[in-house]
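Each chain, written out:
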Amino acid sequence: MNRLWLFFFPLLFIPNIGLSHQTAFGTLEVSDWLIVPFIILLLIAPSAKYEQHSRRFNPLLWGFLGWALLSTLSIHFRYQYISDIPVLVGCGLKLARLVLYTLASLLIARKLSDPRVRTEWLWSLLIALLVLSVGLLASKGDASAQPTDALGGYKSYNIIIVSQAILCTYIAGLWIDSGGSRRWNLSAVLVVGFAICSVLLSSSLTTHGRGGWVAFIAGFGYIFVKKTQNLKIVIMIVVIGSASILAYEALPTFKSLVDLTLLPTETSGSQSVDDGGRIATWAHELPKLINSPLLGTGFYHRGDTSGLWETGSHNFFIQMFLETGIVGGVLVISIFAIAWQQAGFSIVVRNKIGVATRASLVTAIAGGMSGEYYYGGIGVLVLLAVLAVAGSLPVSRVVAPETDPARSIPAKWQTIQ
């Protein structure tokens, strides 16, 4: 029962299979139905008895959530609505969803105190990636569906591709550093290969996920730079390159998408690499920060009298500044900065997860610059889940050597402040 949450985690990634529910405030997906029982299972599981690196995230994450709540509640006083209750309820529900997924992610780090549990957690991440890949293939081929529909598969194809990119780069980084067991490393190769194939097979002109492509390239590029001399990186490049070339030659939809992305014509319109006018959108929306620099417009408060485009800026970081002001935006940037710093600690490097953690961060940052994928749900869950292992490591040695929380660490490790 104490480790049931490890088996439950991959279930959060199953496709909607007709169980999504459309409400006046958005779509409830399968993961939204399952996140509460998952948190309950986490609360039942034993927690770490030592101080963890993840403690540094707590004031930043809860500080952001508190500031976002203040910004949202102040909508009543700052904007003129005939009735602002629907706006407040809608924004409040979005924030509550983020709280649930953030809480679940923070609890995961607290449960990774035992080396056996940490090993099983890597398997859980691997299965989650497999479930996502199968879900993509299962929802492929719905010609009548639009990218924003709550499909039988997933609500947002783009979020799933970015989430897959984060998981793939993290797992690939562990594989290159031999961070898992021999059996896990072999399985990782197969699952990551299958995940890449699922992305290639599911791509089309309507569901392309090119922001995820950029995220993939950025994450794997970081691994390549850090591990240039590693033979495994050569194998990885050859396999990914061969798969991409084969897909280009064998899959007409993928070929058309690549051609329109890299070699747009005058008639291809928005199908170029800057699909949706990303840079122009950033330039149009960012100056609006001056309208409400401190509090922002309110969490997910767009359209209407907010002055922001309802479709957003297509950049998570810009959007956080716009919706929660300079304070909220700085807190978000600080979370990423702390995560990057922790990935370089000697205790993290000795456990062979430093490169993997930073590669996943590079992937997440690149993905966030193409869309608002971390409001809650699978996107933020995956992002914080891959940071959980590094965050679970101890700040100081508080247990006997034979029961060290990380057996691969020398018995006399140094305190990391």
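Computed from a prediction, not measured in an experiment: that's the story for all the values here. Residue indices follow the written sequence of each chain, beginning from 1 at its first position. Only residues with pLDDT of at least 70 get local features here, since the model is predicted, and only at 80 or more are side-chain atom pairs given and counted; chain-wide, interface and lining totals rely on the full set of residues. Note: side-chain values were computed over all heavy atoms of the structure, leaving out hydrogens and water.

Chemist: What should I look at first to understand the overall build of the chain in this one?
Modeler: Looking only at helices and strands, the chain features 17 helices and 2 strands. Only protein chains enter the accessibility calculation, which uses a 1.4 Å probe; a residue is then buried when its area is under 20% of its type maximum, exposed when over 50%, and partly exposed in between. For the chain, the proportion of its 417 residues judged to be buried stands at 54%. Residues count as neighbours in contact if any of their non-hydrogen atoms are within 4.5 Å of one another. Sequence-distant contacts in the chain: of pairs separated by 6 or more residues, those separated by 24 or more amount to 77%. Accessible areas in this description were obtained via Shrake-Rupley with a 1.4 Å probe; residue shielding takes into account the shown protein chains only. By element, 67% of the accessible surface of the chain is carried by carbon and sulfur atoms, the whole surface being about 18,400 Å². Numbering of helices and strands runs from the N terminus, with a helix taken as a DSSP run of H or I at least four residues long and a strand as a DSSP run of E at least two residues long.

Chemist: Where do I start with the side chain of Asn-351 in this structure?
Modeler: Along the chain, Asn-351 turns up in the loop between helix H14 (346-350) and helix H15 (354-368). You can call Asn-351 buried: its relative accessible area is 12%. Of the polar contacts made by the side chain of Asn-351, one reaches the backbone oxygen of Ile-347; its length is 2.8 Å. Identification of polar contacts relies on pairs of N or O atoms within 3.5 Å, with a donor-acceptor requirement for protein atoms, meaning one able to donate a hydrogen and the other able to accept it, and with residues adjacent in sequence counted only if both atoms are side-chain atoms.

Chemist: I'm lost on helix H3 (residues 57-73) in this one. Help?
Modeler: Three- or four-residue spacings in an α-helix give side chains the same orientation, since the helix completes a turn every 3.6 residues. The end-to-end C-alpha distance of H3 is 24 Å, a good match for the 24 Å that 17 residues give at a rise of 1.5 Å each. On the buried face of H3, the contacting elements are helix H4 (75-78), helix H5 (85-111) and helix H13 (316-342). Working rule for helices: expected span equals 1.5 Å times residues minus one.

Chemist: What am I meant to see in helix H6 (residues 115-138) here?
Modeler: Between its first and last C-alpha atoms H6 spans 35 Å; for 24 residues at 1.5 Å apiece the expected length is 34 Å, and the two agree. By the N-cap criterion, in which a side-chain oxygen at the helix start approaches the backbone nitrogen of a residue two or three places on, H6 is capped by Asp-114, the distance to Arg-116 being 2.7 Å.

Chemist: Could you clarify how one ought to interpret the confidence of the model for the chain in this entry?
Modeler: When pLDDT is low, close inspection of the predicted coordinates is not appropriate. When the pLDDT values of the chain are averaged, the result is 83; 82% of them are 70 or greater. pLDDT measures the predictor's confidence residue by residue and takes values from 0 up to 100. Mean pLDDT across the elements of the chain ranges from a minimum in strand E1 (residues 21-23), with 66, to a maximum in H13, with 96. Note that residues 141-151 has pLDDT below 50 and, in this model, 14 contacts with residues that lie over four places away or in other chains. Within the model, pLDDT remains below 50 along residues 266-275, and this stretch shows 17 contacts once partners closer than five positions in the same chain are excluded.

Chemist: I'm lost on the nonpolar core in this one. Help?
Modeler: Of all hydrophobic cores here, the largest spans 110 residues; its most connected members are Trp-5, Phe-9, Phe-13, Phe-38 and Trp-121. Among the elements that line this core, the one with the most residues is helix H7 (residues 157-176), at 14 residues. For Phe-38, the contacting residues outside a window of four places in its chain are Trp-5, Phe-8, Phe-9, Leu-12, Ala-104 and Ile-108. The definition of a nonpolar core used throughout is a set of buried Ala, Val, Leu, Ile, Met, Phe, Trp, Tyr and Cys residues joined through side-chain atoms within 4.5 Å.

Chemist: Can you help me understand the packing of aromatic side chains in this one?
Modeler: Both the distance between ring centres and the angle between the ring planes are used here to describe each pair of aromatic rings. In summary, the pairing rule links any two rings of Phe, Tyr or Trp, Trp by its six-membered ring, whose centres are within 6.5 Å, and it sorts them by plane angle into stacked for under 30 degrees, edge-to-face for over 60 and tilted for everything else. Taken as a whole and judged by the stated rule, the model has 14 aromatic pairs. Ring geometry for Trp-5 versus Trp-121: centroids 5.6 Å apart, planes at 40°, classification tilted. Here Trp-5 is found in helix H1 (residues 4-8), whereas its partner Trp-121 is found in helix H6, with 116 residues between them in sequence. Each of the two residues, Trp-5 as well as Trp-121, counts as buried. Between Tyr-300 and Tyr-375, the aromatic rings sit 5.1 Å apart at their centres with planes inclined by 90°, giving edge-to-face as the arrangement. Pair noted here: Tyr-300 is in the loop between helix H12 (278-285) and H13 and Tyr-375 is in the loop between H15 and helix H16 (378-386), with a separation of 75 residues, a long-range link.

Chemist: Mind showing me how you'd approach the packing of H7 against H16 here?
Modeler: When two helices pack together, their arrangement is captured by the angle between the axes and the distance separating the axes. All axes are obtained by fitting lines to C-alpha atoms, using only the stretch in contact for helices, and the reported angles, taken between N-to-C directions, cover 0 to 180 degrees. Contact pair H7 / H16: the axes reach a minimum separation of 9 Å and the direction vectors enclose 10°. With respect to their mutual orientation, H7 and H16 come out roughly parallel. For the pair H7 and H16, the contacting residues are Ile-159, Ile-160, Ser-163, Ile-166, Leu-167 and Tyr-170 in the first and Ile-378, Gly-379, Val-382 and Val-386 in the second. Tallied by class, residues from the contact of H7 with H16 come to 8 nonpolar, 2 polar and no charged. Comment on the angle field: the value is read as roughly parallel under 35 degrees, roughly antiparallel over 145, roughly perpendicular from 65 to 115, and oblique elsewhere. Throughout, the ten residues Ala, Val, Leu, Ile, Met, Phe, Trp, Tyr, Cys and Pro are labelled nonpolar, Asp, Glu, Lys and Arg are labelled charged, and all others, Gly among them, are labelled polar.

Chemist: How do you make sense of the side chain of Ser-313 when you look at a structure like this?
Modeler: Along the chain, Ser-313 falls in the loop between H12 and H13. At 3.2 Å, the side chain of Ser-313 and the backbone oxygen of Asn-315 are in polar contact. Within the structure, Ser-313 has its side chain in polar contact with the side chain of Gln-319 (distance 2.8 Å).

Chemist: Explain the environment of Asn-2 to me, please; I cannot follow it from the model alone.
Modeler: Looking at the secondary structure, you find Asn-2 in the segment before H1. For Asn-2, a relative accessible area of 42% corresponds to the partly exposed category. Along the chain, Asn-2 and Leu-43 lie 41 residues apart, while their C-alpha atoms are 9.3 Å from each other. Apart from residues no more than four positions distant in its own chain, Asn-2 is found in contact with Ile-44, Ala-45 and Pro-46.

Chemist: Could you clarify how one ought to interpret unusual backbone geometry in this entry?
Modeler: Of note, Ser-178 is a non-glycine position whose phi angle comes to about 55°, a positive value. Tracing the backbone shows Ser-178 in the loop between H7 and helix H8 (182-202). A positive phi angle, close to 60°, is found at His-314, a residue other than glycine. Within the element layout of this structure, His-314 appears in the loop between H12 and H13.

Chemist: Can you walk me through the pattern of salt bridges in this structure?
Modeler: Two side chains bearing opposite charge may form a pair once their charged atoms approach each other closely. Salt bridge, as used here: a side-chain nitrogen of Lys or Arg that lies within 4 Å of a carboxyl oxygen of Asp or Glu. Within this structure, the stated rule accounts for 7 salt bridges. One salt bridge connects Glu-51 with Arg-55, and the closest N-O pair in it is separated by 2.7 Å. Assessed through its relative accessible area of 39%, Glu-51 is described here as partly exposed. On the basis of relative accessibility, which here comes to 34%, the residue Arg-55 falls in the partly exposed class.

Chemist: Explain a nonpolar patch on the surface to me, please; I cannot follow it from the model alone.
Modeler: Patch construction takes residues with relative accessible area above 30% that form no salt bridge. Like charges are linked within 9 Å, and nonpolar side chains (Val, Leu, Ile, Met, Phe, Trp, Tyr) are linked within 5 Å. Judged by side-chain polarity, Met-1, Leu-4, Phe-7, Val-36, Ile-40 and Ile-44 come together as a nonpolar surface patch covering roughly 610 Å² of accessible area. The set of elements that each furnish at least two residues to the nonpolar patch consists of H1 and helix H2 (30-44). The element that contributes the greatest number of residues to the nonpolar patch is H2, accounting for 3 residues. Counting through the fold element by element, Ile-44 comes out in helix H2.

Chemist: Could you clarify how one ought to interpret the packing of H2 against H5 in this entry?
Modeler: Orientation of H2 relative to H5, taken along the N-to-C sense of each, is 35°, at an axis distance of 10 Å. Considering only the axes of H2 and H5, their crossing is left-handed. Taking contact as the criterion, the partners of Ser-31, Asp-32, Ile-35, Val-36, Phe-38, Ile-39, Leu-42 and Leu-43 in H2 are, on H5, Arg-97, Leu-100, Tyr-101, Leu-103, Ala-104, Leu-107, Ile-108 and Lys-111. Its residues assigned to classes, the contact of H2 with H5 shows 12 nonpolar, 1 polar and 3 charged. By definition, any crossing whose near helix is turned counterclockwise from its far helix by less than a right angle is left-handed, and any crossing with a clockwise turn is right-handed.

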